[in-house]
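This is what each chain is made of:
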Amino acid sequence: MTTVRQRRVGKGTEAAEDQPSEETSVKPDGKILPDPPGGKLWNILSITVGGIVAISLGLLTSVYVATLHENDLWFSNIKEVEREISFRTECGLYYSYYKQMIQAASIQQGLHGLVYDNKTESVRTINILERMNVYQEVFLSILYRILPIQQYLEPVYFYIYTLFGLQAVYVIALYVTSWLLSGTWLSGLLAACWYITNRVDTTRVEFTIPLRENWALPFFAVQIAAITYLLRAHLQPAQERLTLMAVFIATFLFSLTWQFNQFMMLIQALALFILDSLDMIPAAKVTWLYIIQISGLLLVCVLQFFNSMILGSLLISFNVSVLIARTIQKNLKKGGLLNRLGKLILHVLLVLCLTLLINKFIKKILNLESDEHIFKFLKAKFGFGATRDFDANLYLCEEAFGLLPLNTFSRLSSTLLFYIYGFVLFLLTVAAVIVAFRNLSGSNQVHLKDKMEEYTVTLKPEAAYSLVHTVLFGCLALSTMRMKYLWTSHMCVFASFGLCSAEVWKLILKCLHLYTSQRTQVIKYSIPVITLLYISFKFWPGIMDELSELREFYDPDTVELMNWIKSNTPNTAVFAGSMQLLAGVKLCTGRTLTNHPHYEDKNLRERTKQIYQIYAKRSPGEVHGILRSFGTDYVILEDSICYERRHSRGCRLRDLLDVANGHIMDGLGDNEPDLKPSLYPRFCEEIKKNLPSYTMHFTRVFQNKTFHVYKLAKHK
């Protein structure tokens, strides 16, 4: 098992901040009044200073996570095999394709090896570019080959520095989004500081570098920033076109780099649907965003050789259904409150029915079953019946797919983020309910503004989008811990925007009958500054201590295994074992695998379940037959799985296999009444006794404290 240990060497010796378009003056006829000469210069100065601060914070974040990675593993000092082992589980699989492209005789040969790959899944030839989102590895490997940097920078450093560099893009995008929402770059500064001080809950890039989300989330943040700007009022046509182009590029790159893109964008589409139905954002802009999502996903589909999972995604079905329903119900936004509510309910039902019908039709035509495990998992997770499905239970038993732990909120509260976020969320939710009710009622907003200015509640489209976005992604994070990084980063943006927003403080002060323009401005700047000072004084010493703590990578058993495989097995040998370990085997040794951690394929899931019978109660003959059917030459058994204690009874891998096979689980505890005792002992335990019934099929060729490797007999 991979660990880190204490390193055995000694420790080494505001200018004005208003965004130009925040308080734009508008004539009654809709024309924008020009800024006074002094104000224009002031705005230019503000944008310049704010931009410099944004870039500086982005670069500092990049250096910060890179330093943490180096300090944690002593990456610059360890061997190449240790560096590769540090890319755990699926991270190692993705990085192996970058390594494969780098080592290929030519770019064309490297691409051919990916399109016609027969080493990732034994006895099968698969198209890696179709099955997996690895275009970023392809692009990066080509860039490394054509740039004159080979003498100065190792391929692994070019790769990890690119990922750490994307963190700079991520932080800058969060900064800009908060700035756009509040009108002051002080808000962006606060958002970036919260992102850094809550690093444990906002990113995991320093220890899961090649993970797909670390490529995708920076582009998602850029897309959100562009959408925020797009939803602002009084954009010039040229500005709107350029912003739509930015949204499309960011959406495309996000979709290209992460296999779960369609589910994230579906939530985003739901946010747009809710806001459009309540008349809180411009319908024309929403239509463009629906079209951009569809076109971006279809372009990725083409690049992934018409991947059927993309064509059968709920996102495409939903967006098409919304566009069809809006065409059918042209008078959706006319009438009184009850009339509008009735139409809205019918609209929602129509969209839901169309989505299910279109999606069912597409999946039927394409015979698509690649994503069925996700729906089985969701069905079991939310209590729609228990399941014995191995794949669904494999997800359910992983902590990353469980509910968000309560200690997350205590960590977020220690930086004041969660408290402020909750306060802003409550205020804007109340404002949104009032605005939505007014829109559905058809009230005359102009009349309200003329007669009752002090009681008027408004919510800008970009703020309304940010509100619904954070609520929906918050629900996702609460239900599935792995998805918290989509929420917590936006939480930083949302809380900082609320704390620095003149509109929010104006609403609060008017409710307290304390409103004056000067008081609003003072609070708008003083409270964020006080918060920044608090964060700096409380967390700066801890960050410095963290940066001075030195460890090193330490996993001698896995290193010994990989070196043995490279030295003692032929290049064409086929290895079976756990998904997580085999990804490292492919990266470190280049040997052929029977299965791997990229689980979005039905045939692979069925194959993995069969391979995992090595940890079930099966006869040696059955296990040998299963393994040989996949061309296996060697099987690796891990004590950490065979004698697993990390999970409780019922969630250990051997328990999942026993239940799926209809066998009683080991240990004290209840079993379902229809489960039967197995006729055979557990394979991974019994094989170590070297009984004749096992040695006729398997010969042990390597062992250490963690791993046992057996060579399979090739019976005729």
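So, how was this worked out
Residues numbered from 1 in each chain as written. Predicted model: local features only at pLDDT ≥ 70, side-chain atom pairs only at ≥ 80, totals over all residues. Heavy atoms only, no water. Pairing = 2+ DSSP bridges. Helix = DSSP H or I, 4+ residues; strand = E, 2+ residues; numbered from the N terminus. Contact = heavy atoms within 4.5 Å. Axes fitted to C-alpha atoms, helices over the stretch in contact; angles between N-to-C directions. Polar contact = N/O pair within 3.5 Å; in protein donor to acceptor, adjacent residues only side chain to side chain. 1 Å grid on protein atoms, 1.4 Å probe; cavity = no way out; pocket = protein on both sides within 12 Å on 5 of 7 lines; lining within 4 Å. Points joined across faces, edges and corners; volume = space filled by probe spheres on them. Nonpolar A, V, L, I, M, F, W, Y, C, P; charged D, E, K, R; others polar. Disulfide = S-S within 2.5 Å. Buried < 20%, exposed > 50% of the residue type's maximum accessible area, 1.4 Å probe, protein only.

Across the sheet, which stays open at both edges, the five strands sit in the order β4-β3-β5-β7-β6 with mixed pairing between neighbours. Looking at the sheet topology across the chains shown, the edges are occupied by β4 (592-593) and β6 (698-703). Two elements, strand β3 (residues 574-576) and β4, share two bridges in a ladder whose sense is parallel. Among the inter-strand pairings, Val574 is bridged to a residue of β4, identified as Thr592. With respect to the sheet, helix α26 (residues 556-568) is in contact with β3, β5 (634-638), β6 and β7 (707-712), its orientation differing from that of β7 by roughly 25 degrees.

Another point: the side chain of Glu137. Within the secondary structure, Glu137 sits in helix α6 (residues 135-146). At a separation of 2.6 Å, a polar atom in the side chain of Glu137 contacts the side chain of Arg212.

Bringing empty space enclosed by the protein into the picture now. Empty pockets left among the atoms are what a rolling probe the size of a water molecule brings to light. Estimates place the volume of the largest cavity at around 80 Å³. If you go around the largest cavity, the residues you meet are Tyr170, Leu174, Thr177, Leu217, Phe220, Ala221, Ile224, Tyr485, Leu486, Ser489 and His490. Those elements that place two or more of their residues in the lining of the largest cavity are α7 (155-182), α10 (212-230) and α23 (484-500). Across the lining of the largest cavity, the residue classes break down as eight nonpolar, three polar and no charged. Here the second largest cavity defines a volume of roughly 40 Å³. Around the second largest cavity, the lining residues are Gln167, Tyr170, Thr202, Thr203, Arg204, Glu213, Asn214, Leu217 and Tyr485. Within the residue set of the lining of the second largest cavity, elements represented by two or more residues are α7 and α10. Here the residues of the lining of the second largest cavity are counted per class, giving three nonpolar, four polar and two charged.

Tallied over the entire structure, the rule returns two disulfides. Two residues share a disulfide in this structure: Cys397 and Cys651, whose sulfurs sit 2.1 Å from each other. Between Cys397 and Cys651, the disulfide has an S-S torsion of -75 degrees and is therefore left-handed. Here Cys397, found in the loop between α18 (390-396) and α19 (407-414), pairs with Cys651, found in the loop between α30 (639-642) and α31 (653-660); they are 254 residues apart in sequence, far enough to count as distant. Here Cys397 falls in the buried class, since its relative accessible area comes to 12%. Classification of Cys651 by relative accessible area gives partly exposed; the value is 23%.

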